[in-house]
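Structural overview
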Amino acid sequence: MYRNLIKPFFDFVCSLIALVLLCPILIFFTILLFWANGGKPFFFQSRPGKNGKIFNIVKFKTMSDKKDNDGKLLPDAQRLTAIGSFVRKTSIDELPQLVNVLKGDMSLVGPRPLLSSYLHLYDDFQNRRHEIKPGITGWAQVNGRNAISWDKKFEYDVWYVDHVSFLLDCKILIKTVLKVFKRDGINAANSATTEPFQGQNY
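This brings us to the overall build of the chain. Looking only at helices and strands, the chain features eight helices and four strands. Reading the helices (α) and strands (β) of the chain from amino to carboxyl end gives α-α-β-β-α-α-α-β-α-β-α-α. Expected size for 202 residues packed as a compact globule is a radius of gyration near 17 Å; at 17 Å, the chain falls within 12% of this value. C-alpha atoms of the chain, sized along the principal axes, occupy 55 × 45 × 30 Å. Across the 202 residues that make up the chain, the buried fraction comes to 44%. Long-range pairs, those at least 24 residues apart, make up 69% of the contacts in the chain with a sequence separation of at least 6. Carbon together with sulfur atoms contributes 62% to the accessible area of the chain, which is approximately 11,200 Å² in total. Between the mean site of the 27 positive side-chain charges and the mean site of the 18 negative ones, the chain shows a separation of 5 Å.

If you want it as structure tokens, here you go:
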């Protein structure tokens, strides 16, 4: 009952309230990132949701589109702007996803929506993360975020799928707030972002 009825209602009400309360912050960083990213404050990308259904996720854009002499994008670390680094460390870049929650594409808590290009790489166990809606935060995020291995992330994601409850969601939301203040697990080791998933046979 909680997963199918209470959780969606809770997501809608909480995301609506959060968008209203955080509106000044959202507007402020939209202006800053508009200036820092050449008029592009938001980042849109196709991601798989529940049952692998594709939707467009929205986040604050933290990296510029700077390219090398051959027209190729520079490495992530070189494109990460100063304001983008702050926005990412404080997880403010995730706030626009409240719109995705309001639309019903996402939940406040659930497995993070990964790249669509990873879909064909998952085994049956890993693919179970798509049995529920993806979330802004999740069990993997409060247990290491980008600093843990892909295997561990999938293990945490599937564990959450099997143990969804109101108390667990509350626990994850509280731990998320604490993680944000500690700025813990933002990046993978020796990388500005997490390393791409290559599949089990890589």
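And the narrative resumes.
Let us look at the packing of aromatic side chains. On inspection of all chains with the given rule, the structure shows 14 aromatic pairs. Here F29 and F86 contribute two aromatic rings whose centre-to-centre distance is 6.2 Å and whose plane-to-plane angle is 20°, an arrangement assigned as stacked. Of this pair, F29 sits in helix 2 (residues 23-36) while F86 sits in helix 4 (residues 82-89), placing them 57 residues apart in sequence. For F29, a relative accessible area of 9% translates into the label buried. An aromatic cluster is present here, built from Y118, Y122, W150, F154 and F197 joined pairwise through their rings. Seen from the ring of W150, K153 lies directly overhead, with NZ or CZ sitting 4.4 Å from the centre.

Quick look at the environment of D123 now. The topology assignment puts D123 in the loop between strand 3 (107-109) and helix 6 (124-127). Taking the C-alpha atoms as reference points, D123 and G199, 76 residues apart in sequence, are found 8.5 Å from one another. In terms of polar contacts, D123 uses its side chain to reach the backbone amide nitrogen of F125, at 3.1 Å. In terms of polar contacts, D123 uses its side chain to reach the backbone amide nitrogen of Q126, at 2.8 Å.

A few words on helix 2. Compared with an ideal rise of 1.5 Å per residue, which puts 14 residues at 20 Å, helix 2 spans 20 Å between its outermost C-alpha atoms and is within 8% of the ideal. Within helix 2 the residues assigned to the buried category are L26, F29 and L33. Along helix 2, the residues classed as buried sweep out an arc of 75° about the axis, all on the same side. Among the exposed residues of helix 2, those pointing more than 90 degrees away from its buried face are P24, I31 and W35. Taken together, the buried residues of helix 2 touch helix 1 (2-21), strand 2 (54-60) and helix 4.

Now for the pairing of strand 2. Taken across its seven residues, strand 2 has five buried, putting it largely inside the fold. As paired elements, strand 1 (residues 42-48) and strand 2 share seven bridges and run antiparallel to each other. Counterpart to R47 in the pairing with strand 2 is F55. Hairpin connection between strand 1 and strand 2: a loop of five residues separates the two successive antiparallel strands, and N51 in this loop has a positive phi of roughly 60°.

What counts and how
- Residues numbered from 1 in each chain as written.
- Predicted model: local features only at pLDDT ≥ 70, side-chain atom pairs only at ≥ 80, totals over all residues.
- Heavy atoms only, no water.
- Helix = DSSP H or I, 4+ residues; strand = E, 2+ residues; numbered from the N terminus.
- Rg over C-alpha atoms; globule rule 2.2 N^0.38 Å.
- Buried < 20%, exposed > 50% of the residue type's maximum accessible area, 1.4 Å probe, protein only.
- Contact = heavy atoms within 4.5 Å.
- Areas by Shrake-Rupley, 256 points an atom, 1.4 Å probe, with all protein chains shown as cover.
- Lys, Arg positive; Asp, Glu negative; His and termini not counted.
- Charge placed at Lys NZ, Arg CZ, Asp CG, Glu CD.
- Phe/Tyr/Trp six-rings, centres within 6.5 Å; stacked < 30°, edge-to-face > 60°.
- Lys NZ or Arg CZ within 6 Å of the ring centre and 35° of its normal.
- Polar contact = N/O pair within 3.5 Å; in protein donor to acceptor, adjacent residues only side chain to side chain.
- Expected span 1.5 Å × (residues − 1).
- Arc of directions from axis to C-beta.
- Pairing = 2+ DSSP bridges.

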